[in-house]
Amino acid sequence: MQSSYEDQRHNEYHCDLQGPGHALIEQWNPVGLVGIITAFNFPVAVYGWNNAIALISGNVCLWNETPTTSLISVAVIKIIAKVLEDNRLPGAICSLTCGGADIGTAMAKDERVNLLSFTGSTPVGKQVALMVQERFAFEDADLNLVVPSALFAAVGTAGQRCTTARRLMESCSVGKGTVQWHDLSSPKPPPPRFK
């Protein structure tokens, strides 16, 4: 048996990581429109990482670059559009908007942007996070799925990934206003599925 393989029918990647009984399974599901807001210092790299993941998952992308990198951003989008069109895909799958905070604000508030990636300063990131949070209501979430998933997102790979969940936000009506795992589900949350 190979240590890794891809199952195109189910859009999954399987990899044996730590021996028998341990495996990593990623399933890529399209969410729709992915907004990508980049900073001035690594605009193409950050866009490339986010764009590649979004496209592999079956999404389309809208990139808002910083106004100081417009020329390189336009050049990159033209290259991507040509590659897409040469492969009989619409170039607009990856689109660019040139603008500043007004465009970023519009993207953060627009419910048609199904997922938003922001890279930039902490103060602006906090503003973006608050705008995006206002769009979502999770009071009907399946807590038997949410709790173990949130726990795994935070600590499930023991620091072996470059990104993890850092915050868990909940509706005041779910957990009495505070994150208390034992109060999130009745009588208690299920044991993690990732032993």
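Residues numbered from 1 in each chain as written. Predicted model: local features only at pLDDT ≥ 70, side-chain atom pairs only at ≥ 80, totals over all residues. Heavy atoms only, no water.

Student: What am I meant to see in the overall build of the chain here?
Tutor: In terms of regular secondary structure, the chain is built from seven helices and seven strands. Its helices and strands taken in sequence order, the chain reads β-β-β-β-α-β-α-β-α-β-α-α-α-α from the N to the C terminus. Counting every position in the chain, which comprises 195 residues, the buried fraction comes to 27%. Looking at the chain alone, contacts between residues at least 24 apart form 57% of all its contacts between residues at least 6 apart. Only carbon and sulfur atoms are counted for the fraction: they give 60% of the accessible area of the chain, which is about 13,200 Å². (Helix = DSSP H or I, 4+ residues; strand = E, 2+ residues; numbered from the N terminus. Buried < 20%, exposed > 50% of the residue type's maximum accessible area, 1.4 Å probe, protein only. Contact = heavy atoms within 4.5 Å. Areas by Shrake-Rupley, 256 points an atom, 1.4 Å probe, with all protein chains shown as cover.)

Student: Is there a simple way to think about the pattern of salt bridges in this case?
Tutor: Opposite charge on two side chains permits pairing when their charged atoms draw close. On inspection of all chains with the given rule, the structure shows two salt bridges. Note that Asp86 and Lys82 form a salt bridge whose closest N and O atoms lie 2.8 Å from each other. Here Asp86 pairs with Lys82, and both are found in helix H2 (residues 70-86), just four residues apart, close to one helical turn. (Salt bridge = Lys/Arg side-chain N within 4 Å of Asp/Glu carboxyl O.)

Student: Explanation requested: the sheet that holds strand S6 (residues 94-98) in the structure shown.
Tutor: Each strand in a sheet pairs with another by means of backbone hydrogen bonds, the pair being arranged parallel or else antiparallel. Across the sheet, four strands lie side by side as S6-S5-S4-S7; this open sheet has parallel pairing. Edge strands, defined here as strands with exactly one partner in the open sheet, are S6 and strand S7 (115-118). Going from strand to strand, the sheet's axes swing by 20° on average, the running direction of each strand aside. With five bridges connecting them, strand S5 (residues 60-65) and S6 associate as parallel partners. Residue pairing for S6: Leu62 is matched across the bridge by Ser95. (Pairing = 2+ DSSP bridges. Axes fitted to C-alpha atoms, helices over the stretch in contact; angles between N-to-C directions.)

Student: Got a minute to help me understand H2 in this structure?
Tutor: Each α-helix turn comprises 3.6 residues. Residues three or four places apart therefore point the same way. Relative to the 24 Å expected for 17 residues at 1.5 Å per residue, H2 spans 24 Å between its end C-alpha atoms, a close match to the ideal helical length. Of all the positions in H2, only Ser73, Val76, Ile77, Ile80, Ala81 and Leu84 are classed as buried. For H2, the angular spread of the buried residues around the axis is 135°, confining them to a single face. Exposed and oriented more than 90 degrees from the buried face of H2 are Leu71, Lys78, Ile79, Glu85 and Asp86. Contacts from the buried residues of H2 go to helix H1 (43-56), S5 and S6. Directly after H2, the chain includes Arg88, whose backbone phi takes a positive value near 60°. (Expected span 1.5 Å × (residues − 1). Arc of directions from axis to C-beta.)

Student: Teacher, can you tell me more about the packing of helix H3 (residues 101-109) against helix H4 (residues 122-133) here?
Tutor: Packed helices, taken two at a time, are described by the angle between their axes plus the distance between the axes. The N-to-C vectors of H3 and H4 enclose an angle of 35°; their axes lie 8 Å apart at closest approach. Residues Thr105, Ala108 and Lys109 of H3 form the contact with H4, whose participating residues are Val128, Met131 and Val132. Split into classes, the residues belonging to the contact of H3 with H4 amount to four nonpolar, one polar and one charged. (Nonpolar A, V, L, I, M, F, W, Y, C, P; charged D, E, K, R; others polar.)

Student: How should the nonpolar core be read in this particular structure?
Tutor: One recurring pattern in soluble globular proteins: nonpolar side chains tend to sit buried together. By size, the foremost hydrophobic cluster in this structure holds twelve residues: Val34, Ile36, Tyr47, Ala54, Cys61, Trp63, Val76, Ile77, Ile80, Leu84, Ile93 and Cys94. Elements with a contribution of two residues or more to this core: strand S4 (33-37), H1, S5 and H2. It is H2 that provides the largest number of residues to this core, a total of four residues. Ile37, Val113, Val128 and Met131 belong to the second largest nonpolar core, which has eight residues in total. (Core = buried A, V, L, I, M, F, W, Y, C linked by side-chain atoms within 4.5 Å.)

Student: Please clarify how the layout of surface pockets should be interpreted in this entry.
Tutor: Rolling a probe over the atoms, with the probe sized like a water molecule, indicates the empty space that remains. The calculated volume of the second largest pocket comes to roughly 360 Å³. Around the second largest pocket, the lining is made up of 22 residues, and of these Ile37, Gly100, Ala101, Phe118 and Val124 lie nearest the centre. Contributing elements (two or more residues each) for the lining of the second largest pocket: S5, H3 and H4. The element contributing the most residues to the lining of the second largest pocket is H4, with four residues. A class-by-class count of the residues in the lining of the second largest pocket yields nine nonpolar, twelve polar and one charged. (1 Å grid on protein atoms, 1.4 Å probe; cavity = no way out; pocket = protein on both sides within 12 Å on 5 of 7 lines; lining within 4 Å. Points joined across faces, edges and corners; volume = space filled by probe spheres on them.)

Student: Is there a simple way to explain the confidence of the model for the chain in this structure?
Tutor: When pLDDT drops low, the exact placement of atoms in the prediction is not to be read closely. On average, residues of the chain score 75 in pLDDT, and 63% of them reach the 70 mark or higher. Taken as a whole, residues 175-195 scores under 50 in pLDDT and shows 32 contacts with residues more than four places along the chain or in a different chain. (pLDDT = per-residue confidence, 0-100.)

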